[in-house]
Amino acid sequence: MVHHHINSLRNHVVTTVLCLLSISCCAAFNLKMNGNTYQARYPTPPRIKSTENWREAAALSQKFQIDGKTEKEPKTVAIIGGGLSGLACAKYLSDAGHKPIVYEARNVLGGKVSAWQDKDGDWIETGLHIFFGAYPNMMNLFEELDIEDRLQWKSHQMTFAMADRPGEFTSFNFPPGVPAPFNMAAAILLNNDMLTLEEKIKMVPGLLPMLLEGQSFIDEQDELSVLQFMKKFGMPDRINEEIFIAMGKALDFIDPDKLSMSVVLTAMNRFINEADGSQTAFLDGNQPDRLCKPIVDHIASKGGEVIMGKPVSSIEVNSEDGSVKCLKFADGSEVEADMYVSAMPVDVVKRLIPAEWSTKPYFLQLDELEGIPVINIQLWFDRKLKAVDGLCFSRSPLLSVYADMSTCCAEYASEDKSMLELVFAPCSPVAGSDKNWIAASDDEIVDATVKELARLFPTEIGPGAPNGGAVLVKQTVVRVPRSVYAATPGRGKFRPSQESPIDNFVMAGDFATQKYLGSMEGAVLSGKLAAEVICDRSVGRKSRGVRDVHDSIKEQSENRREVKTPVGVRGDYPIAFGGGQQGTGGNVYHP
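Because the structure is a prediction, the values reported are computed rather than measured. (Residues numbered from 1 in each chain as written. Predicted model: local features only at pLDDT ≥ 70, side-chain atom pairs only at ≥ 80, totals over all residues. Heavy atoms only, no water.)

## Overview of the sheet that holds strand E12 (residues 324-329)
We apply this condition: Whether two strands pair comes down to DSSP finding at least two bridges between them. Here a helix means four or more residues in a row that DSSP labels H or I, a strand means two or more in a row labelled E, and each is numbered from the N terminus.
The sheet built from three strands is open, its strands ordered E11-E12-E13 with antiparallel pairing. At either end of the open sheet lies a strand with only one pairing partner, and these are strand E11 (312-317) and strand E13 (334-335). Examined bridge by bridge, E12 and E13 share two bridges and lie antiparallel to one another. When the bridges of E13 are listed, lysine 328 appears paired with glutamate 334.

Here you go:
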């Protein structure tokens, strides 16, 4: 039946999108690509607040507000981890009338979005973080904190460096006022630099089932890599070379032959079905002050706490029922609470799982998940480069996305000097690189990056540029050996629910089940869902339940006889807690 619908609708869809060719190119907002173009800050795209996902996110936020007016027995909740997931969990628990206490191991908040200042006063960031219109829970959070004006929205386009035309860019420009999915169709069809019309049409058979069947079709593709999916639906190789390689490295820092197709389809589904879903925004300054601090202030105003420099050494359990007895900290102190939330990265959680839990299928499945490595680079130049005001896909073998932050971000703005922030990915063999760049020196990484920039932009950088080109005056390299979970084929079925089989223990983190994968939105939503579990239990309301564990894990659990003693977190440096660590020459800076 589905295939019959696909066949009958295929010609209709192709005809519809071809009709969009009649839309004038002037309707698309064209960005001047060959000069420094400074654009006014765009308002929040109005259509993001009219989507079903926005309404669903707002309804969940409202649920906490309602609980906050009726909660008679507030719970004290200990939350391990002060990244976005832990902070979001605490924010919504405080809205619901509970008392959350966040324990962050490091002296900076934000987890994978953390940043710190160096001796020059420059902010060093763990990663280049972009906000999408298709981030409804994040957008609700900004609205609830009254900080929407801190988002610098850019014109609605996706910009790519032209690999075969050094120094040039091309973009998919989304025409304003055109509804979804036709605005994306127009953006793709009106760009003739990357794919031919025939190649664009050959994308339709693989994408149409996503539109017709929705999430069920997307979830079924989790077992396939991007390349396997392309072969299954007869997509030309150039679609991978022109589009999917860039998307894969941007979404999960990994090459398409190792990336689950469900990741790409999840992003495309949001972008196709939400008119402003792919529009991007930059935070107008550093993450700790401009995003994390307002959340912390909100939590404190409701009676909660956020404590930094407090690493957990172990989770102690009651012998009678396996519930959490208390948390022990590295400084020897202990804390008891009514409920406990792990908002740690999956690789850190696995090191702290109590022996009594280690054979339970729910916790055993975590062995199938691990973080993917990534490197973030910031380069300061002695002059202003030709800048695009927004995110750029480099389409480089070494680099993923980048931005000139001196143009894109108000706090880092400069009219005469550029600061490029770049994502170096893939950076290890597990992600598709032929070299383990995580183990390389800073000098090696920076040298390879600058050489790649000289290849992409020969008129501005490198020995071939006039007068030797722009001079690099400062650089930083931040390694994250275990970033977001590696979304390789078949991982989705091992992601745990927020609710666990332990009565007083809840799991947050972007790796836990939610529909936005490993992202800022996924982290916020996971923390929000963890808070919902606690609120539901507090008032005796039926919860979403514990997600069924895959049969392969249940079989392992039945055959496993020995418990696994937790190894704990070793060391007090950032990467020990899943964070990014900055190298400076021969020294390592520990924020």
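## Overview of the sheet that holds strand E2 (residues 99-103)
Stated precisely, the cut-off is as follows: Every axis corresponds to a line fitted to the C-alpha atoms, with the helix fit spanning only the stretch in contact, and the corresponding angles, defined between N-to-C directions, vary from 0 to 180 degrees.
Spatially, five strands are ordered E10-E2-E1-E14-E20 in an open sheet, and the strand pairing comes out parallel. Each edge of the open sheet is held by one strand with a lone partner, namely strand E10 (305-307) and strand E20 (505-507). Sheet twist, expressed as the average angle between the axes of neighbouring strands with direction ignored, equals 20°. As judged from the three bridges shared by strand E14 (residues 339-342) and E20, these two strands associate in the parallel manner. Bridging from a neighbouring strand, serine 342 pairs with methionine 507 of E20.

## Quick notes on the pattern of salt bridges
To be explicit about the condition: Take a side-chain nitrogen of Lys or Arg and a carboxyl oxygen of Asp or Glu: if they are within 4 Å of each other, that pair is a salt bridge. Three exposure classes are used, based on accessible area relative to the maximum for each residue type with a 1.4 Å probe and protein chains only: buried under 20%, partly exposed in between, and exposed over 50%.
Inspection of the entire model under this criterion finds 38 salt bridges. Between aspartate 389 and lysine 154 there is a salt bridge, with the nearest N and O atoms lying 2.8 Å from each other. Taken together, the positions of aspartate 389 in the loop between strand E15 (374-381) and strand E16 (392-393) and lysine 154 in the loop between strand E6 (151-153) and strand E7 (157-161) put the pair 235 residues apart, joining distant regions of the chain. Judged by relative accessible area, which is 6%, aspartate 389 ranks as buried. Within the structure, one salt-bridge network assembled from shared partners comprises Lys63, Asp67, Glu532, Asp536, Arg541 and Arg544.

## Topic: the side chain of aspartate 536
For clarity, the cut-off: Note on definitions: a residue-residue contact is assigned when non-hydrogen atoms from the two residues lie within 4.5 Å.
With respect to the helices, strands and loops of the structure, aspartate 536 is situated in helix H17 (residues 520-539). On the basis of relative accessibility, which here comes to 2%, the residue aspartate 536 falls in the buried class. Setting aside its immediate chain neighbours within four residues, aspartate 536 contacts Lys63, Arg541, Lys542 and Ser543.

## Concerning the domain arrangement of the protein
As a reminder, the rule being used: An automatic or database domain assignment supplies the start and end points of every domain. In this description, buried area is defined as the sum, over both parts, of the accessible area (probe of 1.4 Å) that is lost when the two are combined. Following the grouping adopted for this structure description, the nonpolar residues are Ala, Val, Leu, Ile, Met, Phe, Trp, Tyr, Cys and Pro, the charged ones are Asp, Glu, Lys and Arg, and the polar ones are all others, Gly among them.
Domain boundaries in the protein define domain 1 (48-116 + 126-149 + 284-369 + 488-575), domain 2 (157-278) and domain 3 (371-485). With centres defined by C-alpha atoms, the gap from domain 2 to domain 3 works out at 24 Å. Between domain 2 and domain 3, the residue contacts involve 19 residues of the former and 30 residues of the latter. Contact between domain 2 and domain 3 buries roughly 2000 Å² in total, counting both sides, with carbon and sulfur atoms accounting for 60%. Seen at the junction of domain 2 and domain 3, the total is one salt bridge. The partner of arginine 395 in a salt bridge is glutamate 242, and the shortest N-O contact between them spans 2.4 Å. Those elements that provide at least two residues to the side of domain 2 that touches domain 3 are E7 and helix H10 (237-252). Per element, the largest residue contribution to the side of domain 2 that touches domain 3 is five residues, and it comes from H10. Partitioned by chemical class, the residues of the side of domain 2 that touches domain 3 number twelve nonpolar, two polar and five charged.

## Details of helix H12 (residues 287-301)
Here is the rule: Expected span, for any helix, means 1.5 Å times one less than how many residues it has. The angle between axes fitted to the seven residues ending at a residue and the seven residues starting there is what we call the bend at that residue.
Here H12 contains 15 residues, and its C-alpha end-to-end distance of 20 Å stays within 8% of the 21 Å for a straight helix at 1.5 Å per residue. Where H12 bends most, the angle comes to about 40°, and this point is lysine 293, followed within four residues by the proline proline 294. Once H12 ends, the next one or two residues include glycine 303, with phi positive near 100°.

## So, the pairing of E14
Side chains Met339 and Val341 of E14 all project onto a buried face; the interleaved residues Tyr340 and Ser342 project onto the opposite face, where all are buried too. The pairing of strand E1 (residues 76-80) with E14 spans four bridges and is classified as parallel. When the sheet's bridge partners are listed, alanine 78 is paired in E14 with tyrosine 340.

## Remarks on the nonpolar core
The condition that has to hold: Here the nonpolar core consists of buried residues drawn from Ala, Val, Leu, Ile, Met, Phe, Trp, Tyr and Cys, with membership extended through side-chain atoms lying within 4.5 Å.
With 147 residues, the main nonpolar core has Phe131, Met138 and Phe244 as its most contacted residues. Counting residues per element, this core draws most heavily on H17, at ten residues. Once residues lying within four places of it in the same chain are set aside, the contact partners of phenylalanine 244 are Val226, Met230, Met235, Ile239, Pro256, Met261, Val264 and Met268. Cys427, Ile438, Leu456 and Phe457 belong to the second-largest nonpolar core, a separate cluster that totals 29 residues.

## Description of the UniProt feature "binding site: FAD" (unreviewed entry) in the protein
Definition in use: UniProt positions are given in the numbering used here, feature names are shortened, and annotations may be inferred rather than shown by experiment.
As recorded in UniProt, the sites labelled "binding site: FAD" (unreviewed entry) are Ser85, Glu104, Ala105 and Val312. Sequence-distant contacts of serine 85, defined by excluding residues within four places in its chain, comprise Ala343, Ala508, Gly509, Ala523, Ser526 and Gly527. Of note, alanine 105 is situated in the loop between E2 and strand E3 (115-117). Among residues more than four places away in sequence, those in contact with alanine 105 are Gly309, Lys310, Pro311 and Phe577.

## As for the packing of aromatic side chains
Let me state the cut-off plainly: Only Phe, Tyr and Trp rings are paired, with Trp represented by its six-membered ring, and only when their centres lie within 6.5 Å; those with planes under 30 degrees apart are stacked, over 60 edge-to-face, the remainder tilted. By definition here, charges over rings are those cases where NZ of Lys or CZ of Arg is within 6 Å of the ring centre and within 35 degrees of the ring normal.
What the rule picks out here adds up to 17 aromatic pairs. Between phenylalanine 64 and tyrosine 92, the ring centres sit 5.2 Å apart and the planes meet at 35°, which makes this aromatic pair tilted. Placement of phenylalanine 64 in helix H2 (residues 52-70) and of tyrosine 92 in helix H3 (residues 84-95) is noted, with a sequence separation of 28 residues between them. Tyrosine 92 carries the same exposure label as phenylalanine 64, and that label is buried. With a centroid separation of 6.1 Å and 50° between ring planes, the pair formed by phenylalanine 363 and phenylalanine 505 is classed as tilted. Here the residue phenylalanine 363 occupies a position in helix H14 (residues 361-364), and phenylalanine 505 occupies one in strand E20, the gap between them amounting to 142 residues. Phenylalanine 505 carries the same exposure label as phenylalanine 363, and that label is buried. Each residue in the set Trp357, Tyr362, Phe363 and Phe505 is aromatic and connected to the rest through ring pairs, giving one cluster. Note that lysine 474 overlies the ring of tryptophan 380, its terminal NZ or CZ placed 4.9 Å from the centroid.

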